[in-house]
Amino acid sequence: MTPALTFVAGLVLLILFGWYFATEHGSKKRMLATVLMLMLVAFSVATIYPPKKKIALGLDIQGGTSFLIRLVPGDKEITRATLDQAVEVIRKRVDYFGGGEPVISPVGNDRILVQIPGLDTAKIQEAREQLSRVAKLEFALVHPQNADLIRKIEAGEGIIPPDYRLVVYKFPGQGEQGGEEKLLVHKRPDLTGDQITHAFAAFQNDWQVSLEMNPDGAKKFDQLAAEHFQERFAILLDAAVQSAPSINAKYFGGRAQISGGRMGEQEARNLASVLENPLQTPVSIEEERSVSPTLGMDSIRASVIAGLIGLAITLLCVVIYYRFVGLIANLALLVNIVLLMGALTMFHFVLTLPGIAGIILTVGIAVDASVLIYERLREELALGKSLKVALQAAYDKAFSSIFDANVTTLITAAILFWMASGPIKGFAISLTLGILASLFTALIVGRSLLSWFIDTGRVKKVTMLHLISSQHVNFLGKGPIAVALSVALILAGATAFVIRGDRNFGVDFKGGDLLTLSSTQAVSVHDVREAIKPLHLDDAPIQQSEQGGRNYITVRSPINTSESIQQQVTQALPNAGFTVERSERVGALVGGELAKTSLWALGIGILGILIYVTLRFELSFAVGAIVALLHDVLITVGVFSLLGRELTLTMVGAVLTIAGYSINDTIVVYDRIREGFASGRKGSAEQIMNESINQTLSRTLLTSGVTLIPILCLFFFGGSVLRDFALAIIIGVVVGTYSSIFIASPIVLWWTKLRSGSASALRREVREKSNPSTATAAR
C-alpha cells in the first residue's frame, strides 16, 4: 500500500476510533483521542514543510505546455506494450527541450499525455512537430573493421569513411552499470522498419527476439545476409542504436531471431516493441494547452489572495456568530486545512487552479458540520438541559445528518475522480480528502476540545447569536408557486440554450482553438475583430478582461487557426506589444468524448445517490432529492446560458460540485423530517414536514452564507481564470438553498400521495424503517 493510501486509511480509522473515544466519558480516553489528533497533525506538518520543495505546481500555475497525443491505428494493433514503447520514444524527444521535469504518461488505451513545464511559447510549434513526426526505424550495417577504425580515429590516425557515420550504442550491463560502444554504420539504411510485419520476445534457453518481414524485406535481408555473413548490423530508432547483433546465417526466409549475451527479459521485450515501431504512422495531437509563466503566477497569486480573504472572513463570521464555540470551530477548520494539505502532499498531488478551487470550497463545506452541531446544541440548551448533556445530545443527533450529507457528496466526488482526467481529477481528489478531513475535525477535534473545556469547568455557559429565529412558514403550501417559478427559469434557460446553440460550448466540448494575448496597452474587442477580418473569422467570440494591470484578449476560433490569428493581430496592432499567455487546441473527438463522459458521470452520480438515499430513507425521498438535483443543475446551466457564458472542462467540475452541494443541503432537511416522523410527534405529515423545514432554516441559511463567502472571494479576487467556475458555484449554492426548502420536500409529499393516495403512508414507512422492532411488534 502506498504512503498516500496508508494516510487515507489511517484517517478513516482515526475518524472511527476517535469518534468512539470522543463520545465516551473519561479523561484517559479523551487523552488518547487527543494524542491521536496531535500525532496526525504533526505528521501532516512534517509532510508539508517546506512547501516549496514538497508541493508540485501544475502547468496552469507555473506555466508550460501539455499535449494529448493519440496513436493512430495502422496495420498493427495498438497494445499496452506498443503504447509503453511509444511513451519511451516520446520521452527521448521531450528531453531535447530540457527545462523542468516533464511528465509523459499513458492515458487509456491509445493516448499519451505530455506535459512540458516552462516551455517557451516560441518553441511550441517545434515541440508540436517533434512529437507528431513519424518514428524512423532503420537497419544499417556496421563497418567490418569497426573496432580497428574506431581506435585509429580516436588516436587521430584515421577518419570516418565517406559512406559511414559514427553512432554510440549505449547498452545495459550487469546490475545498474551499463556500457557504450562506438559504431560506424552506413549513412543510408540497408533496411527500413516498414518491412517488419511482426516482432515478439521469446525464451529458448535464453531470451531472444523473433521478427517477421514482408516479402520485399525478406528478399533484401537474405541478400544482405549472403553478402555480409557474420558481420554486424545496427537497429536504430530515431537515430539511437537499440541493438547491434551479428548476422549468423546466409538465409532467413523472412524470419530471424536476435539474441545475445547481454539480453535479459526486459531488454528482449523492449527491443520487440521497438521493432513493432508504434510511431511508424503520424500521431494525432488531440489536445494542446499552453499557459505562460506570467499568467500562471498571476493566477496563483490571485487564488491565494482570494483563499486567504475568504478564510479570514469565514473565521471572523463564525467567531462573531458562535462566540466561544466559534473559536473551537475555527481551530478545527485550521486543523482541517493542515490535514488536507498533508494528504495532498503525500498523494504527490499536482496543485492546479481547479485543485485550489476545491480547497477553497472545502473551507465552506467544513464549517457546515460545525453549524449543524452548534444549531443542535442551541436547541438542546433551549430545552433546559445542562451544557454537558446538551453537547452529548447535539453530537448524537447531528451525526446522522453530517454522515449522510458527506457520503452523498463523496459519491459525486468519487465518480468525478473515476471518470474525469487532468485538472478535474485533481479537483475531485482535493474535495474527497477535504470531506474526510472535515469529518475528522468536526466530529473528533472540535468535540474533544469543547468537552475538555466543559469537563474541567473552564466553560460553564455557552452563548450564541440567534439572528434567524424559528418561523412557522407554510413552505409546503408555497410549493406550487415555487415549482411554477422554477419551471419558468428552466424554460427561459432552455430557450437561451437552444438559441445560442454551439456558442454554449467552449473548445473543451466542441473542439477548436483558444488564444489569450496580453498587453500593457488598452486594446478593444473592436480593434481585434477588425485585425482578424482578412481571416474571415467574423463569428469568432472575442472577450476582453483585466488583471494585474494588464489587458487580456481571448479569441475562440476553429481548430488550427490560432497561429494565423496571433500573427494577424500582432501585425495589425504592433504598438500593443502582445504576449501569448495561453493557447489551447482541442480536437473534435476529445470534445465529443468529454461531453459523453460528463453526461455519464452525472447519470451514474444520480443513480448512486438514488440508491443510497432509498436505502437510508425511502424511495419518495430519493425521488425528491434527484428532482432537486436535476432542478439545480438545469437552472445553473440555463442561467449560465442566459448570461452568455460557455460550458468548459472546469464547468464540469462545478456542475458536479453543485450536484453534491444540492444533495448535502437536501439530506439535512430530510434527516430532520425522518427524525420528526420516527419520534411519533403529533400532527399530520404536512405539519411535521413544515416544522422540520422551519427548524433547519437557520442552519440552511447559515451554511449557504458561509459556503458563499470563500466562493464570492474567489469570484471577485481569484482572477479571470476561475471566475466562471466561481460564478457557477454561486448560482448553484443559491439555487440549491432554494430547492432544499421549496422543491425537495413538496416533491416527496406529492410523490407519496401519487403512489399511495395518502401522505400518512410516508410517515408510517419512515417509522417502520427507523424503528423496525417497533414496527414488527405493531404487526
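Here is what the cut-offs are and how they apply
- Counting from 1, residues in each chain are numbered in the order their sequence is written.
- pLDDT decides what is reported in this predicted model: residues at 70 or higher carry local features, side-chain atom pairs at 80 or more are listed and counted, and totals for whole chains, interfaces and linings draw on all residues regardless.
- Excluding hydrogens and water, the side-chain values take into account all heavy atoms of the structure.
- By definition, any uninterrupted DSSP run of H or I lasting at least four residues is a helix, any uninterrupted run of E lasting at least two residues is a strand, and each is numbered from the N terminus.
- Only protein chains enter the area calculation, which uses a 1.4 Å probe; residues under 20% of their type maximum are buried, those over 50% are exposed, and those in between are partly exposed.
- Two residues qualify as a contact provided that any one of their heavy atoms is within 4.5 Å of a heavy atom in the partner residue.
- The method behind every accessible area is Shrake-Rupley, applied with a 1.4 Å probe, and residues are considered shielded solely by the protein chains displayed.
- What makes a nonpolar core is a set of buried Ala, Val, Leu, Ile, Met, Phe, Trp, Tyr and Cys residues whose side-chain atoms join them at distances within 4.5 Å.
- We count a salt bridge whenever a side-chain nitrogen from Lys or Arg sits within 4 Å of a carboxyl oxygen from Asp or Glu.
- To obtain each axis, a line is fitted to C-alpha atoms, and for helices this fit is confined to the stretch in contact; angles are then taken between N-to-C directions over 0 to 180 degrees.
- Comment on the angle field: the value is read as roughly parallel under 35 degrees, roughly antiparallel over 145, roughly perpendicular from 65 to 115, and oblique elsewhere.
- By convention the crossing between two helices is left-handed if the near helix lies anticlockwise of the far one by an angle smaller than a right angle, and right-handed if it lies clockwise.
- Gly is put with the polar residues, along with every residue not named as nonpolar or charged; the nonpolar set is Ala, Val, Leu, Ile, Met, Phe, Trp, Tyr, Cys and Pro, and the charged set is Asp, Glu, Lys and Arg.
- Within 3.5 Å is the distance limit for a polar contact, defined as a pair of N or O atoms, with the added protein rule that one can donate a hydrogen and the other accept it, and that residues adjacent in sequence qualify only through two side-chain atoms.
- A strand pair is defined by DSSP finding two or more bridges across the two strands.
- Throughout, disulfides are identified as pairs of cysteine sulfur atoms within 2.5 Å of each other.
- In this scheme Phe, Tyr and Trp rings, the latter by its six-membered ring, pair at centre separations within 6.5 Å, and the angle between planes marks the pair as stacked below 30 degrees, edge-to-face above 60, and tilted otherwise.
- We call a charge positioned above a ring when the Lys NZ or Arg CZ atom is no farther than 6 Å from the ring centre and deviates by at most 35 degrees from the ring normal.
- What a helix is expected to span follows from its residue count: subtract one and scale by 1.5 Å.

S.K.: Would you mind going over the overall build of the protein in detail, with residue names and values included?
M.R.: Within the protein, the secondary structure is distributed over 26 helices and 19 strands. Considering the protein as a whole, with its 779 residues, one finds that 53% of them fall into the buried category. For the protein, restricting intrachain contacts to residue pairs at least 6 apart in sequence, the fraction spanning at least 24 positions comes to 77%. Accessible surface for the protein amounts to roughly 34,900 Å². Of this, 60% is attributable to carbon and sulfur atoms.

S.K.: I'd like to hear about the nonpolar core, residue by residue, with values.
M.R.: Membership of the largest hydrophobic core comes to 115 residues, with the highest contact counts inside it found for Tyr322, Tyr374, Leu377, Ile402, Leu629 and Tyr670. Per-element tally for this core: the top contributor is helix H20 (residues 649-678), with 14 residues. Residue contacts for leucine 629: discarding those within four places in its chain leaves Leu602, Ile606, Ile609, Ala659, Ser662 and Ile663. Residues Ala135, Leu137, Leu211 and Ile258 belong to the second largest nonpolar core, which totals 27 residues.

S.K.: Any chance you could break down the pattern of salt bridges for me, citing the residues and the numbers?
M.R.: The final tally for this structure, using the stated rule, is 18 salt bridges. In this structure, glutamate 646 and arginine 556 form a salt bridge, with 2.5 Å as the shortest nitrogen-oxygen distance. With glutamate 646 in the loop between helix H19 (619-642) and H20 and arginine 556 in strand E18 (residues 550-557), this pair connects stretches of sequence that are 90 residues apart. Just as glutamate 646 is buried, arginine 556 falls in that class too.

S.K.: Can you lay out the packing of H19 against helix H23 (residues 723-742) for me, pointing to particular residues and giving the numbers?
M.R.: Following both chains from N to C, one finds H19 and H23 inclined at 140 degrees, their axes separated by 9 Å at the closest point. Comparing the axis directions of H19 and H23 gives the class oblique. Seen from above, H19 lies across H23 with right-handed handedness. Here Ala628, His631, Asp632, Ile635, Thr636, Val639 and Phe640 of H19 come into contact with H23, specifically with Asp724, Leu727, Ala728, Ile731, Gly732, Val735, Gly736, Tyr738 and Ser739. Here the contact of H19 with H23 is built from residues that sort into nine nonpolar, five polar and two charged.

S.K.: Outline the side chain of glutamate 646, supporting the account with residue identities and numerical values.
M.R.: Overall, the relative accessible area of 10% leaves glutamate 646 in the buried class. A polar side-chain atom of glutamate 646 sits 2.5 Å from a polar atom in the side chain of arginine 556. Residues contacting glutamate 646, with those up to four places away along its chain left out, are Arg503, Asn504, Phe505, Gly506, Pro541, Arg556, Phe640 and Met651.

S.K.: Report on the side chain of arginine 378, specifying residues and quantitative values.
M.R.: The residue arginine 378 is located in helix H11 (residues 353-382) in this model. Residue classification places arginine 378 among the buried residues on the basis of a relative accessible area of 14%. Excluding anything up to four places from it in sequence, arginine 378 contacts Tyr321, Tyr322, Met464, Leu465 and His466.

S.K.: How would you summarise the pairing of strand E5 (residues 137-141) if you had to cite specific residues and measurements?
M.R.: For E5, a buried count of five out of five residues is recorded, marking the element as mostly surrounded by other parts of the structure. Neither face of E5 is exposed, since Leu137, Phe139 and Leu141 on one face and Glu138 and Ala140 on the opposite face are all buried. As paired elements, E5 and strand E11 (residues 233-237) share five bridges and run antiparallel to each other. By the bridge assignment, alanine 140 is partnered in E11 with alanine 234. One ladder, built from two bridges, connects E5 with strand E8 (residues 191-192); its direction is antiparallel. In the sheet register, phenylalanine 139 faces E8, and the bridge partner there is leucine 191.

S.K.: How would you explain the sheet that holds strand E9 (residues 196-203) if you had to name every residue and give the values?
M.R.: The antiparallel open sheet is built from three strands, whose spatial order is E9-E10-E13. Unpaired on one side and paired on the other, E9 and strand E13 (255-259) mark the two borders of the sheet. Going from strand to strand, the sheet's axes swing by 25 degrees on average, the running direction of each strand aside. As paired elements, E9 and strand E10 (residues 207-213) share seven bridges and run antiparallel to each other. In the sheet register, phenylalanine 200 faces E10, and the bridge partner there is serine 210.

S.K.: Describe in detail the state of the cysteines, supporting the description with residues and values.
M.R.: Per the counting criterion, the structure on display carries zero disulfides. Residue cysteine 317 stays outside any disulfide, its sulfur separated by 9.6 Å from that of cysteine 713, the closest cysteine.

S.K.: Go over the packing of aromatic side chains with me, naming the residues and quoting the values.
M.R.: Tallied over the full model, the rule gives 14 aromatic pairs. When the ring of phenylalanine 324 is compared with that of phenylalanine 453, the centres are 5.1 Å apart and the planes differ by 85 degrees; the resulting orientation is edge-to-face. Residue phenylalanine 324 is located in helix H10 (residues 293-346), and its partner phenylalanine 453 is located in helix H13 (residues 423-455); the two are separated by 129 residues in the primary sequence. Residue classification places phenylalanine 453 among the partly exposed residues on the basis of a relative accessible area of 22%. Judged by centre distance (5.6 Å) and plane angle (35 degrees), the ring pair of tyrosine 738 and phenylalanine 742 falls under tilted. Taken together, the positions of tyrosine 738 and phenylalanine 742, both in helix H23 and four residues apart, correspond to about one turn of that helix. Ring-pair connections join several aromatic residues into one group, and the members of that group are Phe139, Phe221, Phe233 and Phe252. Across the ring face of phenylalanine 715, the terminal group of arginine 723 is positioned such that the distance to the ring centre comes to 6.0 Å.

S.K.: So what's going on with H19? Residues and values would help.
M.R.: Over its 24 residues, H19 extends 34 Å from the first C-alpha to the last, a length consistent with the 34 Å expected when each residue adds 1.5 Å. Along H19, 19 of the 24 residues are buried, which leaves the element largely enclosed by surrounding structure. Looking one or two residues past H19, glycine 644 carries a phi angle of roughly 75 degrees, positive in sign.

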